[in-house]
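Below, each chain spelled out in residue letters.
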Amino acid sequence: MSIELKGVHKAFGASKVLQGFTLDVQEGEIVTVIGPSGSGKSTTLKTIIGLLEPDEGEVWVDGENVHQLGLDALYALRRKVGYVFQFAALFDSMTVRENVAMGLRRMPGLSEAEIQERVEDALSRVDLEGSGARFPAQLSGGMKKRAGLARAIALNPRYLLYDEPTTGLDPLTVTMVDRLILRMRDELQVTSLVITHDIESAYRISDRIAMLFEGQVLEVGTPEEIRSSESSRVRAFVEGKPELLEDHQ
Ligand SMILES: Nc1ncnc2c1ncn2[C@@H]1O[C@H](COP(=O)(O)OP(=O)(O)O)[C@@H](O)[C@H]1O
Ligand SMILES: [Mg+2]
């Protein structure tokens, strides 16, 4: 019941994005990867669900070596892993309810009544029970995030991957999303990996925080450990002091 990345390398052309990325997320944990924009955070998530193939290294999810799996086994594994996209990625022409139902309709053997029941359950878990008939354009930014989360949890995942869940939200909505991430862990016992550049949010929700820098995990520790890190690179990022980085180079 864990996610493990072992020495993952990934380059796009000449640009080496991941350069030996190693991290584990244990059962029931919330681990946050923080790093600046363009540092390879989304790339990391895509390797976990097999959308991108690492050039080197291994990714293990739920005891399986993701990049050794055949297609059927990969699809089966993906059903255990919910992915909450950075920009909700809702279909504008479909109601919230239909957006949440979409993944369920692809699962064999579910009756329409079961699908509706799971949709309503997912919507109520994110406090959107009254909004199923709305269209995405009628939702606030925070509600769109919640709808995206409902779509992921409707599939009963064992793991949840969140790509920048709080980016672009106002502070109150950020707090609400943070609480939802904790609530999903507590109510659904999911194992969570959160990708963000929001250090305050990382402090609030994480069991452990991993600092991504130049394609590697520079430091991993509890929020307290990261807060009191002596690494100038970690402090440059968490305290917002780029001059600490320049001192180091
Ligand atoms: N499919 C791709 N093809 C080429 N370059 C990519 C691709 N995906 C990401 N990149 C590049 O890799 C770097 C890291 O991207 P990304 O993982 O999206 O960063 P982050 O999520 O941390 O902002 C960026 O420079 C981006 O332009
Ligand atoms: Mg990204």
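Conventions and cut-offs
Numbering of residues begins from 1 in every chain and follows the order in which that chain's sequence is written. Here the convention is simple: chains get letters from A, ligands get numbers from 1, in the order in which they are written. Local features in a predicted model are, by the rule used here, given only for residues with pLDDT of at least 70; side-chain atom pairs are given and counted only at 80 or more, and totals for whole chains, interfaces and linings are based on all residues. Residue ranges labeled as domains rest on an automatic or database domain assignment. The contact criterion used is a C-beta to C-beta distance within 7 Å, with each C-beta placed from the backbone. Labels follow the DSSP assignment, with helices taken as runs of H or I lasting at least four residues and strands as runs of E lasting at least two, numbered in each case from the N terminus. Under the convention adopted here, Pro, Cys and the residues Ala, Val, Leu, Ile, Met, Phe, Trp and Tyr are nonpolar, Asp, Glu, Lys and Arg are charged, and Gly plus all remaining residues are polar. Multiplying 1.5 Å by the residue count of a helix minus one yields the expected span of that helix. With C-beta atoms placed from the backbone, the exposure class of a residue follows from how many other C-beta atoms lie within 10 Å of its own: 20 or more, buried; 12 or fewer, exposed; in between, partly exposed. Relevant arc is that of directions from the helix axis to the C-beta atoms, nothing else. The C-beta atom of each residue is placed using the backbone, and any residue whose C-beta lies within 6 Å of a molecule or strand is treated as near it.

Caption draft 1: Geometry of the domain arrangement of the protein chain. Looking at the assigned domains, one finds that the protein chain contains domain 1 (3-80 + 158-248) and domain 2 (94-156). Between the C-alpha centres of domain 1 and domain 2 there is a distance of 25 Å. The partner domain 2 presents 10 residues to the 12 residues of domain 1 that form the contact. Ranked by residue count, the leading element in the side of domain 1 that touches domain 2 is helix α6 (residues 171-188), at 7 residues. Of the residues in the side of domain 1 that touches domain 2, the class split is 8 nonpolar, 2 polar and 2 charged.

Caption draft 2: View of helix α4 (residues 112-125). The end-to-end C-alpha distance of α4, which contains 14 residues, comes to 20 Å, matching closely the 20 Å that a straight helix rising 1.5 Å per residue would cover. Residues of α4 that are buried: R118, V119, A122 and L123. All buried residues of α4 project into a common sector of 135° when viewed along the axis, lining one side. Facing away from the buried side of α4 by over 90 degrees, the exposed positions are A113 and E114. Next to the buried residues of α4 lie α3 (96-105) and α5 (141-153). Phi for D127, located one or two positions after α4, is positive at around 60°.

Caption draft 3: View of the site of ligand 1. The environment of ligand 1 is formed by F12, S15, V17, G35, S37, G38, S39, G40, K41, S42 and T43. For the shell around ligand 1, the secondary-structure elements that each account for two or more residues are β2 (15-25) and α1 (41-48).

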